[in-house]
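A look at the structure
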Amino acid sequence: MTIAVFGSINLDIIAYGGRLPRPGETIHGTSYRLGLGGKGANQAAAVARLGSRAGMIGRTGDDAFAATALDELASYGVDTALVLRDASSATGIALIGVDAKGENAITVIAGANHAVDASDVERARATLSQAKVLLLQLEVPLVASLAAAAIVRSSGGLVILDPAPAPALGLSSETLAAADIVTPNESETATLIGWTPHTPEDGLGAARELRAKGARTAIVKLGATGCAVSSPDGEFCVPAFPVKAIDTVAAGDCFNGGLAHALALGQPLAEAVRFAAACGALATTKPGAAAAAPTAQEVARLLTA
């Protein structure tokens with residue numbers, strides 16, 4: 001397996017409207033859709049859409065939502081053989097509101113994702129030991145994710161951690177050091193270091209702080225401002241690609257999927273981050289989560305435009 005994804009699988013229920021409701025308010029939306037979600041599943045779909053071999057490791061319930069989610073994962077070309085259908089839990093869901101500007105608000109009910117444990121790691125040991133890249137997020141128990149990371153790194157693979165959703169108390173230096181690359185967005189960075197980056201210069205400063213806290217390489221995603229990178233080999237910023245955003249739900253996940261794909265192909269970090277930025281930008285031009293993941297051809301057109 002070239003790229004393994006250890007993480008969450010949800011079914012997303014997405015409501016579109018002119019704006020997001022305020023607390024206590026009911027508003028009329030314009031449309032809704034059901035689709036595959038969960039940061040793990042989104043990243044796996046993003047990897048597969050780009051043409052890399054992707055394997056998903058995680059859990060669903062044994063219910064109708066699971067069948068829908070797994071069928072959609074398989075439709076993207078993701079190997080789901082290591083996804084356990086857990087009859088004792090419900091499939092995770094996410095309730096997502098999206099406004100006319102593409103901004104979103106999300107409530108996640110974890111369900112079977114929170115039941116992921118060491119047995120899932122052992123079940124996937126052979127796959128993890130052969131993975132070139134492992135993608136992690138924080139929507140399944142951290143202990144299991146760290147165990148998966150240890151197997152991949154001991155076998156010479158690369159681990160990318162998307163620290164989302166960022167825990168209120170942040171992450172320990174040991175957790176940050178367990179991954180080769182950490183990729184927070186602005187709000188996650190604020191939770192991890194105590195302040196929010198806005199400009200590219202802020203992003204570089206934040207990335208340095210993350211490295212001082214234990215991260216080997218930090219990539220701070222700044223949305224429409226681009227991203228900032230601090231690594232042992234140097235620092236740089238990548239500007240955002242100008243696109244008309246309609247839905248930002250999957251931007252971060254497609255960024256990480258693109259980063260894993262490019263690094264698995266052997267691209268240097270700077271080229272891989274630019275490729276990832278293009279993937280994230282293209283994801284904002286389509287509705288949905290996994291469904292918004294771009295193809296390699298679409299990314300190539302944007303990179304050469």
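The rules behind each value
Residues numbered from 1 in each chain as written. Predicted model: local features only at pLDDT ≥ 70, side-chain atom pairs only at ≥ 80, totals over all residues. Heavy atoms only, no water. Helix = DSSP H or I, 4+ residues; strand = E, 2+ residues; numbered from the N terminus. Rg over C-alpha atoms; globule rule 2.2 N^0.38 Å. Buried < 20%, exposed > 50% of the residue type's maximum accessible area, 1.4 Å probe, protein only. Contact = heavy atoms within 4.5 Å. Areas by Shrake-Rupley, 256 points an atom, 1.4 Å probe, with all protein chains shown as cover. Axes fitted to C-alpha atoms, helices over the stretch in contact; angles between N-to-C directions. Parallel < 35°, antiparallel > 145°, perpendicular 65-115°, else oblique. Left-handed = near helix turned anticlockwise from the far one by under 90°. Core = buried A, V, L, I, M, F, W, Y, C linked by side-chain atoms within 4.5 Å. 1 Å grid on protein atoms, 1.4 Å probe; cavity = no way out; pocket = protein on both sides within 12 Å on 5 of 7 lines; lining within 4 Å. Points joined across faces, edges and corners; volume = space filled by probe spheres on them. Nonpolar A, V, L, I, M, F, W, Y, C, P; charged D, E, K, R; others polar. Pairing = 2+ DSSP bridges.

Observations regarding the overall build of the protein chain
Regarding its fold elements, the protein chain presents eleven helices and 13 strands. A compact globule built from 305 residues should have a C-alpha radius of gyration of about 19 Å, and the protein chain, at 18 Å, falls within 12% of that. Its C-alpha atoms give the protein chain principal-axis dimensions of roughly 45 × 45 × 40 Å. For the protein chain, with 305 residues in total, the buried portion stands at 54%. Pairs at least 24 residues apart make up 67% of the contacts formed inside the protein chain by residues separated by at least 6 positions. When the accessible surface of the protein chain is split by element, carbon and sulfur atoms take 56% of a total near 12,300 Å².

Considerations on the packing of helix H7 (residues 186-193) against helix H8 (residues 200-212)
Put simply, H7 and H8 touch, their axes get as near as 11 Å, and they point 45° apart. Our classification of the angle between H7 and H8 gives oblique. Viewed along their axes, H7 and H8 form a crossing whose handedness is left-handed. Here H7 contributes Thr 189, Leu 192 and Ile 193 to the contact with H8, which in turn contributes Ala 206, Glu 209 and Leu 210.

Some details on the nonpolar core
The biggest cluster of nonpolar side chains holds 45 residues, and the ones touching the most others in it are Leu 73 and Leu 259. A total of nine residues in this core trace back to one element, the largest contributor, which is helix H10 (residues 269-283). Leave out the neighbours within four places in its chain, and Leu 73 touches Ile 9, Leu 36, Ala 41, Ala 44, Met 56, Val 78 and Thr 80. Within the second largest apolar cluster, 33 residues are counted, among which are Leu 82, Leu 192, Val 220 and Leu 222.

Considerations on empty space enclosed by the protein
For the coordinates displayed, the defined rule picks out one cavity of 30 Å³ or more. In this structure, the largest cavity encloses a volume near 40 Å³. Around the largest cavity, the lining residues are Leu 136, Leu 142, Ser 145, Leu 146, Ala 149, Leu 161, Thr 175, Ala 178 and Ala 179. Among the elements that make up the lining of the largest cavity, the one with the highest residue count is helix H5 (residues 142-154) (four residues). Residues belonging to the lining of the largest cavity are distributed by class as follows: seven nonpolar, two polar and no charged.

Things to note about the sheet that holds strand E6 (residues 92-98)
What the four strands build is an open sheet, ordered E3-E2-E6-E7; its pairing is mixed. The sheet is open, and its two borders are formed by strand E3 (31-37) and strand E7 (104-109), each paired with just one other strand. In this sheet, adjacent strand axes meet at a mean angle of 20° when their direction is disregarded. Note that strand E2 (residues 10-16) and E6 share seven bridges and pair parallel. Bridge pairing links Leu 11 to Ile 93 in E6.

Let's talk about the sheet that holds strand E10 (residues 181-182)
Reading across the sheet, the nine strands line up as E5-E4-E1-E8-E9-E10-E11-E12-E13 and stay open at both edges, with mixed pairing between neighbours. The two strands at the open ends of the sheet, each matched to only one other strand, are strand E5 (79-86) and strand E13 (234-238). Both strand E4 (residues 54-61) and E5 contribute to a ladder of six bridges, which runs parallel. Counterpart to Gly 55 in the pairing with E5 is Asp 79. Across the sheet, H5 is in contact with strand E1 (3-6), strand E8 (133-136) and strand E9 (158-161); its angle to E8 comes to roughly 170°.

Some words on unusual backbone geometry
Note that the residue after Ala 164, namely Pro 165, is joined by a cis bond; omega there is -5°. Tracing the backbone through its elements, the reader meets Pro 165 in the loop between E9 and helix H6 (173-177).

Looking at the side chain of Thr 60
Structurally, Thr 60 can be placed in strand E4. Residue classification places Thr 60 among the buried residues on the basis of a relative accessible area of 0%. If we ignore the near neighbours within four places in the chain, the residues touching Thr 60 are Ile 9, Ala 66, Leu 70, Val 83, Leu 84, Arg 85, Asp 86, Thr 91 and Ala 112.

Details of the layout of surface pockets
Taken as a whole, the largest pocket spans an internal volume of roughly 1,200 Å³. Lining the largest pocket are 45 residues, with Asn 185, Thr 248, Val 249, Ala 251 and Gly 252 positioned closest to its centre. Here the residues of the lining of the largest pocket sort into 23 nonpolar, 13 polar and nine charged.

Considering H7
Residues of H7 that are buried include every one of Glu 188, Thr 189, Ala 190, Leu 192 and Ile 193, and no others. Against H8 and strand E11 (217-221) lie the buried residues of H7. Following H7 by one or two positions, Gly 194 has its phi on the positive side, about 95°.

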